[in-house]
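Residue strings, one per chain:
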Amino acid sequence: MLCVSCEQYFSTIDRNKYIRKRHARSRNYVSESDVYKLESVPLDFGDYHPLKPITVTESKTKKMSRKGSTSSTSSSSSSSMMDPLSSVLDGTDPLSLFAAAADPLTATASMDGIRKKRDKDDNSAVGSDFEQWSSKRSEILSRYTTTEKLSINLYMGSEKGKTTTSGSAVSEKVRTRLEELDDLEEGSQKELLNLTQQDYMNRIEELNQSLKDAWSSDQKVKALKIVIQCSKLLSDTTVIQFYPSKFVLITDILDTFDNFSPETVNDTAKETCLNWFFKIASIRELIPRFYVEAAILKCNKFLSKTGILECLPRLTSVIRGIGDPLVAVYARAYLCRVGMEVAPQLKESLNKNFFDFLLTFKQIHGDTVQNQLVVQCVEIPLYLTLYSPAIDWILQCIAYRAPEVLLTEMMERCKKLGNNALLLNSVMSAFRAEFIAARSMDFIGMIKECDESGFPKHLLFRSLGLNLALADPPENDHLQILNEAWKVITKLKNPQDYINCAEVWVEYTCRHFTKREVNTVLADVIKHMTPDRAFEDAYPQLQSIIQKVITYINDFSLLFSVEKFLPFLDMFQKESVRVEVCKCIMESFIKHQQESTKDPVILNALLHICKTMHDSVNALTLEDEKRLLAALINGFIKMVSFGRDFEQQLSFYVEARSMFCNLEPVLVQLIHSVNQLAMETRKVMRGNHSRKTAAFVRACVAFCFITIPSLSSIFTRLNLYLHSGQVALANQCLSQADAFFKAAVSLVPEVPKMISVDGKMRPSDAFLLEFLCNFFSTLLVVPDHPEQGVLFLVRGLLNVIQDYTWEDNSDDKVRIYTNVLHLLSAMTQETYIYHVDKVDSNDTLYGGDSKFLAEISKLCETVIAQILDHLKTLGKEETLKRQSQLALCFFNTILAHGDLRNNKLNQLSVNLWNLAQKHGFADTKTMVKTLEYIKRRSKQPDMSHFTDLALRLPLQSRT
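The text that follows walks through the structure, step by step, so that each part is easy to find. Note that the structure is a prediction, hence the values are computed from the model and not measured.

A word on empty space enclosed by the protein
Turning to step 1, where the next piece is worked out: Counted by the stated rule, this structure contains four cavities of 30 Å³ or more.
Turning to step 2, where the next piece is worked out: The calculated volume of the largest cavity comes to roughly 130 Å³.
Turning to step 3, where the next piece is worked out: Mapped by element, the contributors of at least two residues to the lining of the largest cavity are α42 (812–827), α44 (850–873) and α45 (880–897).
Turning to step 4, where the next piece is worked out: The element contributing the most residues to the lining of the largest cavity is α45, with four residues.

Here's the deal with helix α35 (residues 646–659)
Since the α-helix turns once every 3.6 residues, residues separated by three or four places project in the same direction.
Turning to step 1, where the next piece is worked out: Taking 1.5 Å of rise per residue, 14 residues should cover 20 Å, and α35 covers 20 Å from first to last C-alpha, within 8% of that figure.
Turning to step 2, where the next piece is worked out: By the burial criterion, the buried members of α35 are F646, Q649, L650, F652, Y653, A656 and M659.
Turning to step 3, where the next piece is worked out: Check the buried side of α35 and you find it contacts α33 (600–615), α34 (623–638), α36 (664–684) and α37 (691–707).

Concerning the pairing of strand β5 (residues 754–757)
Turning to step 1, where the next piece is worked out: Here β5 runs beside strand β6 (residues 760–763); their pairing, made up of four bridges, is antiparallel. Paired with V757 across the bridge in β6 is K760.
Turning to step 2, where the next piece is worked out: Taking the residues between adjacent antiparallel strands as the criterion, β5 and β6 are bridged by two residues, where D758 takes a positive phi near 55°.

Here we look at the pattern of salt bridges
Turning to step 1, where the next piece is worked out: If you walk through the whole model with that rule in mind, you get 30 salt bridges.
Turning to step 2, where the next piece is worked out: For K487, the salt bridge identified is with E484, shortest N-O distance 3.7 Å. Within this pair, K487 and its partner E484 are both found in helix α26 (residues 478–489), separated by three residues, close to a single helical turn.
Turning to step 3, where the next piece is worked out: Given the relative accessible area of 46%, K487 is considered partly exposed.

Side note on the packing of aromatic side chains
Turning to step 1, where the next piece is worked out: Throughout the structure, instances matching the rule amount to 38 aromatic pairs.
Turning to step 2, where the next piece is worked out: Ring centres 5.0 Å apart and planes at 50° place the aromatic pair F247 and Y330 in the tilted group. Placement of F247 in helix α11 (residues 243–258) and of Y330 in helix α16 (residues 325–342) is noted, with a sequence separation of 83 residues between them. Take F247 and Y330: they sit in the same class, and that class is buried.
Turning to step 3, where the next piece is worked out: Measuring from centroid to centroid gives 6.4 Å for F642 and F652, while their planes differ by 55°, and the two rings are tilted.

Here we look at the environment of P288
Turning to step 1, where the next piece is worked out: Positionally, P288 belongs in helix α13 (residues 286–295).
Turning to step 2, where the next piece is worked out: The class of P288 is buried, set by a relative accessible area of 1%.
Turning to step 3, where the next piece is worked out: The residues contacting P288, other than those within four sequence positions of it, are I228, S231, K232 and I283.

What to know about unusual backbone geometry
Turning to step 1, where the next piece is worked out: Although it is not a glycine, R401 sits at a positive phi angle of roughly 55°.
Turning to step 2, where the next piece is worked out: Mapped onto the elements of the fold, R401 is located in the loop between α20 (388–399) and α21 (404–416).
Turning to step 3, where the next piece is worked out: In this structure, K838 is a non-glycine residue whose phi angle is positive, near 65°.
Turning to step 4, where the next piece is worked out: With respect to the secondary-structure elements, K838 resides in the loop between α42 and α43 (842–846).

Some thoughts on the nonpolar core
Turning to step 1, where the next piece is worked out: Residues F354, Y383, W505, V525, F565 and F636 are the most contacted members of the largest nonpolar core, which totals 300 residues.
Turning to step 2, where the next piece is worked out: In terms of residue count, α16 provides more of this core than any other element does, twelve residues in total.
Turning to step 3, where the next piece is worked out: Once residues lying within four places of it in the same chain are set aside, the contact partners of F565 are L522, I546, V549, I550, L559, F560 and I585.

Here's the deal with the packing of helix α25 (residues 457–468) against helix α27 (residues 495–512)
Turning to step 1, where the next piece is worked out: Following both chains from N to C, one finds α25 and α27 inclined at 30°, their axes separated by 9 Å at the closest point. Classified by the angle their axes make, α25 and α27 are roughly parallel. Relative to α27, the crossing made by α25 is left-handed. Counted together, H458, F461, R462, L464, G465, L466 and L468 of α25 and D497, N500, C501, E503, V504, W505, Y508 and R511 of α27 form the full contact between these two elements.
Turning to step 2, where the next piece is worked out: Residues that form the contact of α25 with α27 fall into these classes: eight nonpolar, three polar and four charged.

Conventions we followed
- Residues numbered from 1 in each chain as written.
- Predicted model: local features only at pLDDT ≥ 70, side-chain atom pairs only at ≥ 80, totals over all residues.
- Heavy atoms only, no water.
- 1 Å grid on protein atoms, 1.4 Å probe; cavity = no way out; pocket = protein on both sides within 12 Å on 5 of 7 lines; lining within 4 Å.
- Points joined across faces, edges and corners; volume = space filled by probe spheres on them.
- Helix = DSSP H or I, 4+ residues; strand = E, 2+ residues; numbered from the N terminus.
- Expected span 1.5 Å × (residues − 1).
- Buried < 20%, exposed > 50% of the residue type's maximum accessible area, 1.4 Å probe, protein only.
- Contact = heavy atoms within 4.5 Å.
- Pairing = 2+ DSSP bridges.
- Salt bridge = Lys/Arg side-chain N within 4 Å of Asp/Glu carboxyl O.
- Phe/Tyr/Trp six-rings, centres within 6.5 Å; stacked < 30°, edge-to-face > 60°.
- Core = buried A, V, L, I, M, F, W, Y, C linked by side-chain atoms within 4.5 Å.
- Axes fitted to C-alpha atoms, helices over the stretch in contact; angles between N-to-C directions.
- Parallel < 35°, antiparallel > 145°, perpendicular 65-115°, else oblique.
- Left-handed = near helix turned anticlockwise from the far one by under 90°.
- Nonpolar A, V, L, I, M, F, W, Y, C, P; charged D, E, K, R; others polar.

Below you can see the structure in the form of structure tokens.
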């Protein structure tokens, strides 16, 4: 229940007499500011900055032996403080050590990983600039596909290898395992026919998983059988166009087998390992024997320090026995791959591997291959592309950090071969871009000499263009290179071949030439891609061209002066692609446009692009996508400025509002921009509007007043009404300001109990409280309307607050009333704490009139009564803590703003103090500090009544 003294207070008041009493104390804001402002103390921080890392300096004193010298101090600094615990443990954590001891497999794996990392860091010649095979895997699988039916042999397993020999000798176990390998040749396989490509890939994955399971269950022989069986598949070229993808899938299994390092076996591993190598050597078929031995090449280190050095040349020679040139070249690629992993320093074997390939290069055009292609109905250009991944990889391994002398020698050898387009393409794909660019005209000469019937010339020019995008050729050759390349590209009849080439050379054109040449290239692309709507099949390449153009042409006035740029955009007929292109252009504009613009060419083009993005929004568009589109459009709007031509600026905003009406964030930005425009007008006129500028700012105000109701977010509308009203007030548009504030007041009852914030429903009370506090601060300087009653806006807002349905467990209504008291206190002062320039507030209009002050007193009494009524409702046991907090809050309000020489108000403050402490919920520290503050205030001039008040405020303990 409410404290008895509070009830007595209101029951004994003579309300008419009380109304005439002054509630608020008189304030002199200037003198208060002087008294309470912080004393400025000059500080010299030197090099100190709070965001700098802490530097710990250790000082040591050394005795000096020279006469007359006592000591000298030397300092050493470290960028971070050493952790004494870490230094004692020497980088080891005892818990981790215990865990490792408990799990030997984990410990072994961890040590193995550490050892591998150390060996790689210390001995490896392959750096991060080397493109790994794994980065090429997905491209090969997606490029080399087939609709032909495939076949595969599956290993069916054997029960022999599953018997345990825990009590037998190791040699017996080894002999048993070696015998089990013979099962592979005794019908333990099953051939699956008529598999689709996806079925084939699934079966390969099953084999891979079987390999892992066999190894983890200690069935090492079964694992080896699977690897041998899979390796045999690489001799099958019945579906030749799928061979590169098959190679990737099978070598994935070999990689799995290779990951089982020899360090995981026991001390007798040398004998076992050697026997395995002997058994692998006895595999009758060359291809599985080669691949299995190459897969475990690094295990040779376990047998001999020079094992790898001896094996690499031997395996290189073994490949000479593979008759099919396609199978052979992929075997060479695999050997290069393994060699780069285990011994990248042994480049001689890699070079020999490639030179062997050159010697057998003529087999590609031999009768055997030609007959095979006729049987499979494969054209020679398609067949030659099957070699590209393997040759590219071989050359990449050889060219990595190779001296130019070696690269030049390899290039000369390729030049001497006939029908060398395939090799030439791989050289341009694998060699360093700087090497290729410096010899661009030499490569163009070799390309022109190539036979067109074999490897297509346009692919060679594409490879050359890719290099020239990374490195610049000699400046004198720029134009000749472009002319030679484009003469070939523009003659291409197939749109897909054409666009694949043109996409690459657009970047070269943008890098080295002016907009005239760029325009010519774009016109040629339009010419080739428009017939039969060929552009519909080339959207990725066309998007790439746009991206390259806007990357190199950052000046958008120059970009849009390229005649064929906008017609090029018209080829993007598919809406989703067109929107992506528009987003790309707008992102580039926002990123690179440093200054605001009013260029009509830029504005018209970007308005069209933004309109395209806006019109793509529909009911199914995700909110994230809407936010992104709105942010891009807003970025454009912010960059548009017509300088002092404010009317043209407003016309632009009006046009933008009609174009982007479906994106609420854009409308919000337009309202803010128009308000800013009105304030810039005020700044230019220094607050003294002429008839013309006054009409203009009223037009700005009207724009905002019309636009705000179209927004869906209620708090966005409330804040914009308030903000726009403040702008109108600053520009002396008093009736318009009143209209904004009235609209805000009338909107408050519509605030829902819950609102969506970041996709989650939240109570709206806190947001409403924040808005109303800001609103009260503005209402202080809003003058009363001559045809309305005194404080009509404040009264209207109080009525709305009174009628608003608040949550039962919420005290926000009282907190709002407390802020109203702050406002009413400020309104009673002779001079307000702040004003709007050239706007007379109520302190000037009423001049401290007694009737005006009496009206404020009436409002104060009404608000105080509402607060006390709410305090009464909090008398239940479960709400006593809230009652205590609100009572203390109300006490502090009276202490800060009330005139405590008013005996009744003084008594009310004492009652609130007692109520706050009555049930033991008050914070003792807060009460003590508050009382100390009152005692300090009592020592100031004209504050002697605070002394009596302090004596009447007892401190009660929690007990």
